Amino acid sequence: MSAKKITMRVTRYRPEQEDAPTEQAYELEFPDDWVVLDALNYIKDDVDGTLTFRWSCRMGICGSCGMMVNGEPKLTCAAFLRDYYPAEIRVEPLQYFPIIRDLVIDMTDFLHKLKAITPWIVRDEEKPLAEGEYLQTPAQLADYKQFSMCINCMLCYSACPVYGHEPEFIGPAAIALAHRYNLDSRDEGQEARQQVIASSEGIWDCTLVGECTEVCPKRVDPAMAIQRTKVATTTEWAKSMLMPWGKQ
Amino acid sequence: MDVPKHDVLIVGGGGAGLRAAIAAVEADEHITVGVVSKVYPMRSHTVSAEGGTAAAVREDNTDSHAYDTIKGSDFLADQDAVEIFVKESIDEVIQLEHWGCPWSRDPDGLMSVRTFGGMSVDRTLFCSDKTGFHMLHTLYQTALKYDRIAWYDEWFVTSLLKDDGKICGVTALNVRSGAIDAIPAKAVILCTGGAGKLFAFTTNASIKTGDGMALTYRAGGPLKDMEFVQYHPTGLPGTGILITEASRSEGGHMINREGDRYLSAYTPERMELGPRDMLSRAFIQEMRANRVFEGPYGEYVHLDIRHLGEELIMERLPFVRELATEYVGIDPVYEPIPVRPVVHYMMGGIHTDANAKTPVDGLYAAGEAACVSMNGANRLGSNSLSEIIVFGARSGKAAVEYASEQEFPEANTLSQMAQAEKKRIEEQFLKPRNGNERVATIRRDLQLAMEQGAGIYRTEEEMKTACEAIRKLLKRYEQVEVDDKSSVFNTDLIAALELGYMLDVAEALAHSALLREESRGSHAREDFTTRDDERFLQHSLAYQTPEGPRIEYLPVSITRWQPEERKY
């Protein structure tokens, strides 16, 4: 395999040394099947052990290695260098998040939002395990399956103009997950989730341009979840206006 | 002391750790549990498991699952542990269903089951081919419900603390701040996964560095059956990305260069659904007979699923298609997938009993990090996802019971221990020391030694060479110098600490392998080609000593199934 040369410009930020992020260029040779993450690992192992980033599975399922690659949110384990060659590649931390160091962002905010949408099955009554599983047909499974595929990689937040302006916005992945549980035939927790989302800052600013869906590496389609949640919320609101007695 | 204390502290936030955490808080409403994980829990390697989770949900009794597991283990599994496992796995998968796990379904709404290698009936539940991903996220999201679980995300455990012979907590590096603290606990459960990164070519994530195994080994606990390393027969050449066994359950064929389904010569009754150890050996035999393809990343054969058709592939194997298309540019709907055997799983691990208890008081272990043993010399595919929930839950309950009779350790003692640990790490890694060794260089040399000495087939000479190489690497490790001397998110330091764990685990593995003079399950020796029940119907136990591992043996527990010849 012939090696080609490419320049990578990588964001550096070492909070113990500097006040603001800077950029460092690395020139490297790469075989045809290298991804951006391979290049970062090469730098870390053989050139500069201080370069800092997160990664783990390198097969697109753990959600650790999201970064901005030439301005777009990407899983770096699936971003091939050959697709950018011969131009330079700019690798930056995911935008709209605070930077902890170099390419590592702070995602604690998302974890609060995740918990806020009650991401578990809510039921008044649990049936005993001895009675076996809840029946769920393939069609009922298909209703929510797509929205259960989120790997929490944060690319959608980094692509979301609303989140960029309004960090309080509960955001695409959290709404998609709320939608996932709302659509699950085993769940009875819709009401609580709906309220959290409807009262969330920003949801009504979302113009459904769909950048979140565009960048999702797992085709979760958060934009669809947001859209359906809005419709459901306005319908509920309309119902409560028109039929205040009609609480189901 | 800055850090709160917990009745039970769990190290590792994968499937076993999360199941343990939920079991622990549910066992006693007055306790708190801490989950310490070097990555956010949903990044844990459970996420990469694909094919499914075995449980006898559709059977009248569990004997067949037990027998298949024991035969698969080449009769090295402890049969009492297996009997517990096959019974409890049924409730555990139903429990996950109640928690929302999106199991694939039959038209009548029941959870679907598929066939799997070495299983004589269909008993593997699945979520298409992302079963581990869905189990992990279901467990994590369910665990968020419990306010009595405290999360130490991105904390790296550097040592186990012992007081008066009992485990009383851990020291951990807060990755974000760089601080090293003691986290006091009455009991500790290690759920840190396996150690696939001892090898260069592995399906395992970068985080699988044997941390819990090494922590136990250093604390005086034994590592059991470490010589048994599972090579999965179908990894993508180069990256080692796993192509699930489910692609064969659904009807995929393994084809050599001659165009033959070559497994007819090795596992004629089960063909592609023989156990993993035999299929991986079959590849080597085909390679020696010159019937495999040559590629830039070594020899390979074809896994052909084209005849399954696009519709079934999209319903049952979408991730296989996604991975092959994205990473090697091959769409398996139209082309066969190149595959070769790849290091996948450690049957061995921290020695525990069926309650997940180790011989060290206050220390428990579950999941791939542990060796109960229910997998013996070869694990059957889809038993590990049920193992993590069965023994995860058991470990949580057992640790709570133990903790209820313990007192918290003296704060002063702990703070002194934390100070000493901080000093050790600073002296060894963070002060400039003119060391002349890089972490990555030693790691690569270790991986090379392991691939040469602990491969699919092994010889005394190769294993001796590996043992000697590891000794030298341990010496070189004393000269390791990290580039990064800073505090905030120092992944260079973490890599150095992980390398230390890997070296210890590797040494235990290589020595256990050298001394097992027989072929059993995944441990295939060219110089001792048959199973020797007279000498080796026993578990190996490796203890750390300054001179190297000391290996002892422990009889296997046999209840109802006498060892017999293993054929498929």
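Residues numbered from 1 in each chain as written. Chains lettered and ligands numbered in written order. Predicted model: local features only at pLDDT ≥ 70, side-chain atom pairs only at ≥ 80, totals over all residues. Heavy atoms only, no water.

Peer 1: Before we go on, may I ask you to explain the pairing of strand β7 (residues 155-163) of chain B in this structure?
Peer 2: Here is the key point about a regular strand: its side chains alternate between the two faces of the sheet. Residue and element names in this part refer to chain B. Most of β7 is tucked away: 7 of the 9 residues are buried. Sheet topology note: the β7/strand β8 (residues 166-174) ladder contains 8 bridges and is antiparallel. Among the inter-strand pairings, Asp163 is bridged to a residue of β8, identified as Lys166. Connecting β7 to the next strand, β8, in antiparallel fashion are 2 residues, including Asp164 with a positive phi near 55°. (Buried < 20%, exposed > 50% of the residue type's maximum accessible area, 1.4 Å probe, protein only. Helix = DSSP H or I, 4+ residues; strand = E, 2+ residues; numbered from the N terminus. Pairing = 2+ DSSP bridges.)

Peer 1: Help me understand the sheet that holds strand β3 (residues 53-54) of chain B in this model?
Peer 2: Hydrogen bonds between backbone atoms are what pair the strands of a sheet, whose relative direction is either parallel or antiparallel. Residues and elements named next belong to chain B. Strands sit in the order β3-β5-β4 across an open sheet of 3 strands; the sheet is antiparallel. What marks the edges here is a single partner per strand, and that holds for β3 and β4 (113-114). In this structure, β3 lies alongside strand β5 (residues 124-125), joined through 2 bridges in antiparallel fashion. Bridge pairing links Ala54 to Thr124 in β5.

Peer 1: What should I look at first to understand unusual backbone geometry in this one?
Peer 2: As a rule of thumb, non-glycine residues mostly have phi less than zero, and peptide bonds are mostly trans rather than cis. Of the consecutive residues A:Tyr85 and A:Pro86, the connecting peptide bond is found in the cis state with omega at 0°. Of the consecutive residues B:Val372 and B:Ser373, the connecting peptide bond is found in the cis state with omega at 5°. When you line up the elements, B:Ser373 lands in the loop between β18 (370-371) and α10 (383-403). Positive phi, close to 75°, is recorded for A:Met154, a residue that is not glycine. With respect to the helices, strands and loops of the structure, A:Met154 is situated in the loop between α3 (138-145) and α4 (155-159). The residue A:Asp221 is not glycine, and still its phi comes out positive at about 65°.

Peer 1: Looking at this model, I keep getting lost on the domain arrangement of chain B. Mind explaining?
Peer 2: Size of an interface, as often reported, equals the accessible area lost when the parts are brought together. All names here are of chain B. Assigned domains within chain B: domain 1 (6-53 + 128-228 + 348-411), domain 2 (232-344) and domain 3 (413-533). Of the roughly 1,600 Å² buried where domain 1 meets domain 2, counting both sides, 55% is carbon and sulfur surface. For the salt bridge of Lys130 with Glu322, the shortest nitrogen-to-oxygen distance reads 3.7 Å. Applying the counting criterion to the domain 1 and domain 2 interface returns 10 residue pairs in polar contact (both at pLDDT 80 or more). The residue inventory of the side of domain 1 that touches domain 2, partitioned by class, reads 3 nonpolar, 9 polar and 5 charged. (Domains from an automatic or database assignment. Buried area = accessible area lost by both parts, 1.4 Å probe. Salt bridge = Lys/Arg side-chain N within 4 Å of Asp/Glu carboxyl O. Polar contact = N/O pair within 3.5 Å; in protein donor to acceptor, adjacent residues only side chain to side chain. Nonpolar A, V, L, I, M, F, W, Y, C, P; charged D, E, K, R; others polar.)

Peer 1: Help me understand the nonpolar core in this model?
Peer 2: All names here are of chain B. By size, the foremost hydrophobic cluster in this structure holds 247 residues, and its most contacted members are Val188 and Leu198. Looking at this core, the element that brings in the most residues is helix α14 (residues 491-515), giving 16 residues. Ignoring sequence-local partners within four residues, the contact set of Val188 consists of Leu9, Val11, Leu160, Ile167, Gly169, Val170, Gly362, Leu363 and Tyr364. (Core = buried A, V, L, I, M, F, W, Y, C linked by side-chain atoms within 4.5 Å. Contact = heavy atoms within 4.5 Å.)

Peer 1: How should I be thinking about the pattern of salt bridges in this particular structure?
Peer 2: Close approach of charged atoms lets side chains of opposite charge pair. One pass over the full model with this rule turns up 73 salt bridges over all chains. When the shortest N-O distance is used, the salt bridge between A:Asp106 and B:Arg176 registers 3.1 Å. In this pair, A:Asp106 is assigned in the loop between β7 (104-105) and α2 (108-116) and B:Arg176 in the loop between β8 and β9 (180-190), connecting two distinct chains. Residue class for A:Asp106 comes out buried when judged on its relative accessible area of 12%. Across the salt bridge formed by B:Arg566 and B:Asp74, the nearest N and O atoms sit 3.8 Å from each other. Of this pair, B:Arg566 sits in the segment after β22 (550-555) while B:Asp74 sits in the loop between α2 (63-72) and α3 (79-98); the two residues are 492 residues apart in sequence, bridging distant segments of the chain. A relative accessible area of 9% places B:Arg566 in the buried class. Beyond isolated ion pairs, a larger network of salt bridges with shared partners links B:Asp74, B:Asp225, B:Glu227, B:Asp277, B:Arg281, B:Arg516, B:Glu518, B:Arg520, B:Arg531, B:Asp533 and B:Arg566.

Peer 1: Is there a simple way to think about the environment of B:Thr325 in this case?
Peer 2: Residue and element names in this part refer to chain B. Tracing the backbone shows Thr325 in helix α9 (residues 318-328). When the C-alpha atoms of Thr325 and Val113 are compared, they prove to be 27 Å apart, with 212 residues separating the residues in sequence. In this structure, Thr325 is in contact with Ile330, Asp331 and Pro332, ignoring residues within four places of it in sequence.

Peer 1: Sorry if this is basic, but what is going on with the packing of helix α11 (residues 411-430) of chain B against α14(B) here?
Peer 2: Each packed pair of helices is defined by two parameters, the angle between the axes and the distance between the axes. All names here are of chain B. Close contact between α11 and α14 brings their axes to 11 Å; oriented N to C, the two are set at 100°. Our classification of the angle between α11 and α14 gives roughly perpendicular. Across from Arg424, Ile425, Phe429 and Leu430 in α11, the residues of α14 making contact are Leu493, Ala496 and Leu497. Along the lines of polarity and charge, the residues of the contact of α11 with α14 split into 6 nonpolar, no polar and 1 charged. (Axes fitted to C-alpha atoms, helices over the stretch in contact; angles between N-to-C directions. Parallel < 35°, antiparallel > 145°, perpendicular 65-115°, else oblique.)

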